[in-house]
2 protein chains.
Amino acid sequence: MHQFTATYTDLYQINMAQVYFQQGKHKHTAVFDYFFRKLPFEGGYAIFAGLETLLGILENFQFSDEDLGFLKDQGLDSEFLDYLKDFKFEGNLFSTKEGDIVFPTRPVLQVEANMVEAQLVETILLNLLNFQTLIATKASRIRKSAGKEMLIDFGMRRAQSSGAYHASRAAFIGGFEATSNVVAGKDFNIPISGTMAHSFVQSYDEELTAFRDFAESHPKNTILLIDTYDTLKSGLPNAITVGEEMKSRGEELKGVRLDSGDLSYLARKCRNALDEAGLQDVKIAASNQLDEYVIRSLKEQKGPIDVFGVGTNLVIGDPDAALDGVYKLAFANGKPRIKLSENLAKLTMPHKKQVYRIRNSKGELAGADAVTLRDETEVHRMNHPFEPSKTLSFTGCSAEPLLSSVMKNGKRTYPPKSLEDIKAFSRKRLSEFSEEFQRFENPHIYKIGISDQLLEEREKLRDHYKNKNS
Amino acid sequence: MHQFTATYTDLYQINMAQVYFQQGKHKHTAVFDYFFRKLPFEGGYAIFAGLETLLGILENFQFSDEDLGFLKDQGLDSEFLDYLKDFKFEGNLFSTKEGDIVFPTRPVLQVEANMVEAQLVETILLNLLNFQTLIATKASRIRKSAGKEMLIDFGMRRAQSSGAYHASRAAFIGGFEATSNVVAGKDFNIPISGTMAHSFVQSYDEELTAFRDFAESHPKNTILLIDTYDTLKSGLPNAITVGEEMKSRGEELKGVRLDSGDLSYLARKCRNALDEAGLQDVKIAASNQLDEYVIRSLKEQKGPIDVFGVGTNLVIGDPDAALDGVYKLAFANGKPRIKLSENLAKLTMPHKKQVYRIRNSKGELAGADAVTLRDETEVHRMNHPFEPSKTLSFTGCSAEPLLSSVMKNGKRTYPPKSLEDIKAFSRKRLSEFSEEFQRFENPHIYKIGISDQLLEEREKLRDHYKNKNS
């Protein structure tokens with residue numbers, strides 16, 4: 001659906017790139033870390049999403065002639081623009097696997113490229129990964145509440161413009177089964193779902209005729225929306241009539257949908273009436289401002305709802321609506337780099353790095369990821385990243401490396417993964433985390449630490465700049 | 001940037017359309033209202049945005065061959081798919097002008113088309129108008145706080161994926177002067193702005209060299225980011241050095257930017273030091289989690305900040321992140337239509353309609369918009385839409401019609417408007433509203449009412465369906 005060219009960026013990336021080019025720095029290698037500082041939704045984890053989207057775009061990230069004409073009009077240097085004519089991203093990416101469980105502070109992905117390339121991809125990388133990670137995480141929370149019931153993404157109309165497209169993709173990774181979003185269904189191979197709106201019923205003089213016409217047109221896929229006039233007095237009896245008629249033709253009414261009122265109460269009434277009419281297989285779908293908390297409540301009340309349609313709160317990632325992911329320089333022109341801050345938590349981590357997930361002797365999670373220099377192959381101890389007096393030792397543990405090469409010289413190192421595979425991987429990885437990390441209220445805090453070597457390197461650099469300015 | 005085909009929709013639109021087609025209803029005329037129920041941000045008004053985007057897309061809204069192949073695989077009817085091959089939107093749109101001030105309940109736009117057309121454009125219409133209206137409104141509030149200072153949209157990296165594109169457009173309508181978003185700048189003719197990130201400074205061994213190189217490359221457009229290591233001890237003195245060097249070359253340092261710390265305190269320190277160095281014309285720009293409240297506070301403290309860069313909170317429309325706009329059937333197959341609800345505020349308004357803005361004998365706003373049947377040409381009295389005992393009479397007033405034809409038979413009725421014109425119109429319209437409507441805390445409530453005739457028609461229909469179900 002999208003055509004992303006290299007002007008999908010912030011202007012400062014291009015302005016900085018011009019200086020790098022003029023100073024010959026486009027030949028220097030830079031390493032940037034992508035990470036975030038705060039978990040969304042006051043939750044205990046996040047699900048990394050958007051990687052395949054990013055890789056697909058970076059393989060073809062170029063300036064069009066129109067782009068270059070526009071930049072010329074903006075007064076950019078003509079030699080630099082000549083250079084941009086042939087610009088392609090030819091760098092390397094080391095990344096966490098899409099769908100894996102990720103935590104603040106630790107690099108989720110590292111870009112290693114020349115300064116110009118690394119800078120010009122910053123904005124699109126942040127834009128894609130921040131949003132899809134946010135939505136996959138939200139979807140995963142909703143899945144947690146919904147248990148085994150079916151979840152459908154209904155959010156397109158309230159999404160942030162074409163953010164809808166990637167929202168549907170990320171929702172599937174996080175645990176949704178289907179979407180109403182046709183173009184996302186088509187492009188990402190997500191099952192699509194949808195039946196009728198109130199307007200359909202309103203457009204008829206009689207609700208029953210509306211239901212009958214729909215059932216005739218979609219005998220295998222009829223879910224009747226029953227709250228246009230009166231759920232229990234009109235919608236439900238009419239749905240039962242149509243359900244019986246379909247049954248007598250050897251067809252099956254798939255479901256009824258509730259979109260207003262007390263969903264738990266109405267679902268029970270519907271279930272009883274449908275069962276009495278011999279329509280035990282007709283599902284009950286519910287929608288209307290649902291989120292993980294409302295669904296949890298409906299499940300606690302044992303409202304017999306089989307399908308939840310979730311819209312706005314899913315696709316905008318309510319209430320956070322943004323993940324605070326950043327992209328920070330860690331290495332350039334042969335040297336480690338750092339950004340200082342009065343706020344210690346905003347100090348960045350220098351160097352090329354690796355992240356290890358620590359497991360005990362049985363292979364179970366030990367509750368910690370350790371950030372190390374890239375060439376460290378073992379971790380026996382880690383330090384709190386911002387409170388160096390706190391350390392944690394591991395004995396008899398193994399360390400699973402989380403960053404691996406996903407792009408080399410601008411080319412993917414493996415074929416595209418299906419969304420279904422990413423989702424299955426994500427589900428498997430999340431299942432390793434105990435309930436304490438997954439609960440909504442004050443979840444257990446997963447530990448992130450840094451190795452002795454990385455700590456030493458960071459402190460050395462920090463002292464260097466502090467002494468310089470004192 | 002985008003390629004929107006007619007699969008940019010919810011599946012149920014297509015499923016309903018198939019039934020309409022099979023029942024010959026694609027020849028019936030339908031009228032749908034677009035309106036919202038709740039003002040965003042607990043504010044007193046909203047700014048309608050997205051219309052030009054919608055018109056441009058609807059003129060070319062068709063199914064591609066790929067779309068039709070996909071729908072065939074989904075099991076849709078082949079005669080219906082043949083019909084969709086030639087599908088084009090050939091309906092009429094009556095709309096509020098883009099940039100005008102709008103309120104809940106009253107139709108912002110009416111679509112009049114055959115049932116299939118009207119249904120198939122619902123999702124994209126809601127998706128585009130809800131989001132841009134949300135962001136233009138947010139931008140307008142930030143403009144209110146910023147007074148005459150410059151506002152730049154920095155939000156792309158935290159936007160909801162390609163929602164960034166329309167966010168930048170809407171932000172400009174609402175009162176921003178520029179954006180960092182290059183592709184939005186190119187496509188919508190918005191001034192673009194941007195200088196350097198922390199990574200630029202970090203990539204050098206010396207901050208001063210970084211500043212010098214940038215100034216040399218961009219002599220007309222240098223704003224130095226001064227908080228990478230230490231704002232007052234390093235960034236500011238280095239910026240002053242470069243500012244003096246530029247001055248001696250007959251050039252001018254445009255500004256310095258603060259992106260952390262106490263912005264008010266630091267801005268004052270910077271202003272004093274710059275002034276003492278004879279750099280009175282160097283502007284001070286500030287960014288870092290700004291919104292209308294933070295900017296109001298900075299202005300109250302008289303922090304000498306000339307330029308505000310606003311990111312996340314602008315482009316996601318924090319904290320609401322969605323406008324609850326809906327699209328409801330008002331008329332179909334020659335008859336007015338209604339949707340009932342247990343919640344009276346969710347009752348819809350039947351019929352083709354007009355909306356009038358009431359003005360007193362001096363032409364000033366009377367604080368009310370009245371919704372009437374489309375052929376009513378005068379309004380002397382209006383009724384509260386949901387509390388019919390409340391009425392308001394107008395004497396000596398004039399009524400300005402707010403809905404006018406913007407598309408006829410699928411073609412725009414006027415040439416595209418520039419974003420600059422839409423913004424100027426919006427500013428003029430907002431200036432008619434007194435401070436009471438614009439304040440952030442408990443703003444004055446603008447009145448929306450319905451005419452006697454519309455009330456009577458609505459009650460008649462309501463009784464009809466109530467009696468049917470009792």
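None of the values given here were measured: they were computed from a predicted structure.

Focus: the domain arrangement of chain A
Phase 1: Each assigned domain of chain A is listed here: domain 1 (11-135 + 321-468) and domain 2 (197-302).
Phase 2: On a C-alpha basis, the centroid separation for the pair domain 1 of chain A and domain 2 of chain A is 47 Å.

Quick word on unusual backbone geometry
Residue and element names in this part refer to chain A.
Phase 1: A cis amide bond links Asp318 with the next residue in sequence, Pro319, at an omega value of 0 degrees.
Phase 2: Within the secondary structure, Pro319 is located in the loop between helix H14 (312-315) and strand E12 (326-332).
Phase 3: Positive phi is not limited to glycine here, since Glu42 has a value of about 50 degrees.
Phase 4: By the element assignment, Glu42 lies in the loop between strand E1 (29-35) and strand E2 (46-47).
Phase 5: You can call Glu42 exposed: its relative accessible area is 67%.
Phase 6: Backbone geometry at Asn189 places phi at a positive 60 degrees, although glycine is not the residue there.
Phase 7: With a relative accessible area of 68%, Asn189 lands in the exposed category.

Digging into helix H17 (residues 452-468) of chain A
Phase 1: If you check H17(A), its first and last C-alpha atoms are 24 Å apart, about what 17 residues at 1.5 Å a residue would give, namely 24 Å.
Phase 2: Taken together, the buried residues of H17(A) touch strand E13 (335-336), strand E14 (353-359), strand E15 (365-373), strand E16 (381-383) and strand E21 (447-450) of chain A.

Some words on helix H10 (residues 207-217) of chain B
Phase 1: Within H10(B) the residues assigned to the buried category are Glu207(B), Ala210(B), Phe211(B), Asp213(B), Phe214(B), Ala215(B) and Ser217(B).
Phase 2: Check the buried side of H10(B) and you find it contacts helix H1 (11-22) of chain A together with helix H9 (198-202), strand E8 (223-225) and helix H11 (231-248) of chain B.

Some thoughts on the relation of the copies chain B and chain A
Phase 1: Mapping chain B onto chain A leaves a residual RMSD of 0.0 Å; the transformation is a rotation of 180 degrees accompanied by 0.0 Å of translation along its axis. Both copies of the chain, as the preceding transformation shows, are related through a two-fold rotation axis.
Phase 2: Mapped onto chain A, 100% of the interface residues of chain B again fall at the interface, so both copies present the same surface.

Describing the packing of helix H6 (residues 122-146) of chain B against helix H7 (residues 163-174) of chain B
Between two packed helices, the angle of one axis relative to the other and the distance separating the axes together describe the packing.
Residue and element names in this part refer to chain B.
Phase 1: It is the contact of H6 with H7, at a shortest axis distance of 7 Å, that shows an interaxial angle of 45 degrees. The angle between H6 and H7 places the two elements in the oblique class. For H6 against H7, the interelement crossing comes out right-handed. Together, Leu128, Phe131, Gln132, Ile135, Ala136, Ala139, Ser140 and Arg143 of H6 and Gly163, His166, Ala167, Arg169, Ala170, Ala171, Ile173 and Gly174 of H7 make up the contact between the two elements.
Phase 2: Counted by class, the contact of H6 with H7 contains nine nonpolar, five polar and two charged residues.

Some thoughts on the interface of chain B and chain A
By a widespread convention, an interface's size corresponds to the accessible area lost as its parts come together.
Phase 1: Each partner contributes residues to the interface: chain B has 105 residues there, and chain A has 105 residues.
Phase 2: Carbon and sulfur atoms supply 51% of the area buried between chain B and chain A, which totals about 8800 Å² over both sides.
Phase 3: Of all residues in chain B, Arg157(B), Gln160(B) and Gln202(B) bury the most surface against chain A, accounting for 9% of the area lost on that side.
Phase 4: Counting every contact that joins chain B to chain A gives 12 salt bridges.
Phase 5: One salt bridge connects Arg157(A) with Asp10(B), and the closest N-O pair in it is separated by 3.1 Å.
Phase 6: Counting every contact that joins chain B to chain A gives 65 residue pairs in polar contact (both at pLDDT 80 or more).
Phase 7: Of the residues forming the side of chain B that touches chain A, the biggest block, 10 residues, is contributed by helix H1 (residues 11-22) of chain B.
Phase 8: Looking at the side of chain B that touches chain A residue by residue, the classes come out as 41 nonpolar, 39 polar and 25 charged.

Parameters and conventions
Residues numbered from 1 in each chain as written. Chains lettered and ligands numbered in written order. Predicted model: local features only at pLDDT ≥ 70, side-chain atom pairs only at ≥ 80, totals over all residues. Heavy atoms only, no water. Domains from an automatic or database assignment. Helix = DSSP H or I, 4+ residues; strand = E, 2+ residues; numbered from the N terminus. Buried < 20%, exposed > 50% of the residue type's maximum accessible area, 1.4 Å probe, protein only. Expected span 1.5 Å × (residues − 1). Contact = heavy atoms within 4.5 Å. Least-squares fit on C-alpha atoms with pLDDT ≥ 70 in both. Axes fitted to C-alpha atoms, helices over the stretch in contact; angles between N-to-C directions. Parallel < 35°, antiparallel > 145°, perpendicular 65-115°, else oblique. Left-handed = near helix turned anticlockwise from the far one by under 90°. Nonpolar A, V, L, I, M, F, W, Y, C, P; charged D, E, K, R; others polar. Buried area = accessible area lost by both parts, 1.4 Å probe. Salt bridge = Lys/Arg side-chain N within 4 Å of Asp/Glu carboxyl O. Polar contact = N/O pair within 3.5 Å; in protein donor to acceptor, adjacent residues only side chain to side chain.

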